[in-house]
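# Fold and contact review
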Amino acid sequence: HKVLQKKTKMAETEGDDDNVVAVDATIVRSESDDETADSVDESQQRISDKVGAGILLRTLKAGDATNFPQRGDTCRVHYEGFLEDGTKFDSSRDRKQTFQFRLGMGQVVEGFDVAVAQMSVGQIAQISIPHIYAYGIYGYPPIIPPRSTLTFEIELINFS
C-alpha cells in the first residue's frame, strides 16, 4: 500500500456538469444530483477538472445512498489498483487487510480522495483516474509508468 499512500499536490477543480463540483477533494452536490452528464451513461458519474481530463466513477454495487464521508473522516476501504494494460499494481484484498486513510488530507492520490468522497457506505465502484490526479507526468517508477491513467475498484466499508 506504499504506492497508494504517496502524496500528490491537491489541485482545485471545477466540474463540467452541474451535478458535481470537486474542490480540494470536497464534493459539493447540486439539487440535480440524480441527473448525469449527457456524455456519460447512467452507471457513471463524471468528476472533471478545468482542462477536461475527468475522473470516472462507475457503480458496480450500490451503497446505502445515505452515509457519505466528509473531508477529515477516516475511511476504511478495500481496493485493487490496475494500470491501463490491466496489470494489478496493488490490492488490499490480496493482503486480506482493509486500508484506512483520512479523506481529503493528501494521504492518497487526489483522484482516490475525490472518488471516495462521492461514494456511500457499502458502495463498490470502478474509478478511472487520469495521470494528473494520480502520479502525474513522472509516474512512480518502477511501479507506475509516466502519465498513467489508473483504474481502481474501491469498496467503501465504513468511515468515522
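Residues numbered from 1 in each chain as written. Predicted model: local features only at pLDDT ≥ 70, side-chain atom pairs only at ≥ 80, totals over all residues. Heavy atoms only, no water.

## Observations concerning the overall build of the protein chain
When helices and strands are counted, the protein chain shows 2 helices and 9 strands. For the protein chain, the α and β elements follow one another from N to C terminus as β-β-β-β-β-β-α-β-α-β-β. By element, 47% of the accessible surface of the protein chain is carried by carbon and sulfur atoms, the whole surface being about 8,200 Å². (Helix = DSSP H or I, 4+ residues; strand = E, 2+ residues; numbered from the N terminus. Areas by Shrake-Rupley, 256 points an atom, 1.4 Å probe, with all protein chains shown as cover.)

## So, the pattern of salt bridges
In this structure the tally under the stated criterion is 4 salt bridges. Arg95 is the partner of Asp90 in a salt bridge, and the nearest nitrogen-oxygen pair spans 2.7 Å. Judged by relative accessible area, which is 33%, Arg95 ranks as partly exposed. The salt bridge partner of Arg93 is Glu155, with a shortest N-O separation of 2.5 Å. With Arg93 in helix 1 (residues 92-95) and Glu155 in strand 9 (residues 150-159), this pair connects stretches of sequence that are 62 residues apart. (Salt bridge = Lys/Arg side-chain N within 4 Å of Asp/Glu carboxyl O. Buried < 20%, exposed > 50% of the residue type's maximum accessible area, 1.4 Å probe, protein only.)

## Quick word on the confidence of the model for the protein chain
Detailed reading of the predicted coordinates is not advisable wherever pLDDT falls low. Looking at the protein chain as a whole, the pLDDT averages 78, with 67% of positions reaching at least 70. This model gives residues 5-40 a pLDDT under 50, and the stretch forms 85 contacts once residues within four places in sequence are excluded. Every residue in residues 48-52 scores below 50 in pLDDT, and together they form 16 contacts with partners more than four places removed in sequence or on other chains. (pLDDT = per-residue confidence, 0-100. Contact = heavy atoms within 4.5 Å.)

## Focus: the environment of Tyr135
Along the chain, Tyr135 falls in the loop between strand 8 (124-129) and strand 9. With 15 residues separating them along the chain, Tyr135 and Leu150 place their C-alpha atoms 9.1 Å apart.

## A closer look at the pairing of strand 9
Inspection of the sheet shows strand 5 (residues 74-82) paired to strand 9 by 8 bridges, in the antiparallel sense. Pairing of His78 across the sheet is with Glu155, part of strand 9. The pairing of strand 8 with strand 9 spans 6 bridges and is classified as antiparallel. The partner of Ala125 across the bridge, within strand 9, is Ile154. (Pairing = 2+ DSSP bridges.)

## Structural notes on the nonpolar core
In terms of nonpolar packing, the biggest core is built from 29 residues, with Phe101, Phe112, Val116, Ile127, Phe152 and Ile154 touching the most fellow members. Where this core is concerned, the elements lending two or more residues are strand 4 (55-61), strand 5, strand 7 (99-102), helix 2 (110-117), strand 8 and strand 9. (Core = buried A, V, L, I, M, F, W, Y, C linked by side-chain atoms within 4.5 Å.)

## A closer look at helix 2
The buried fraction of helix 2 is high, at 8 of 8 residues. Among the residues of helix 2, those classed as buried are Glu110, Gly111, Phe112, Asp113, Val114, Ala115, Val116 and Ala117.

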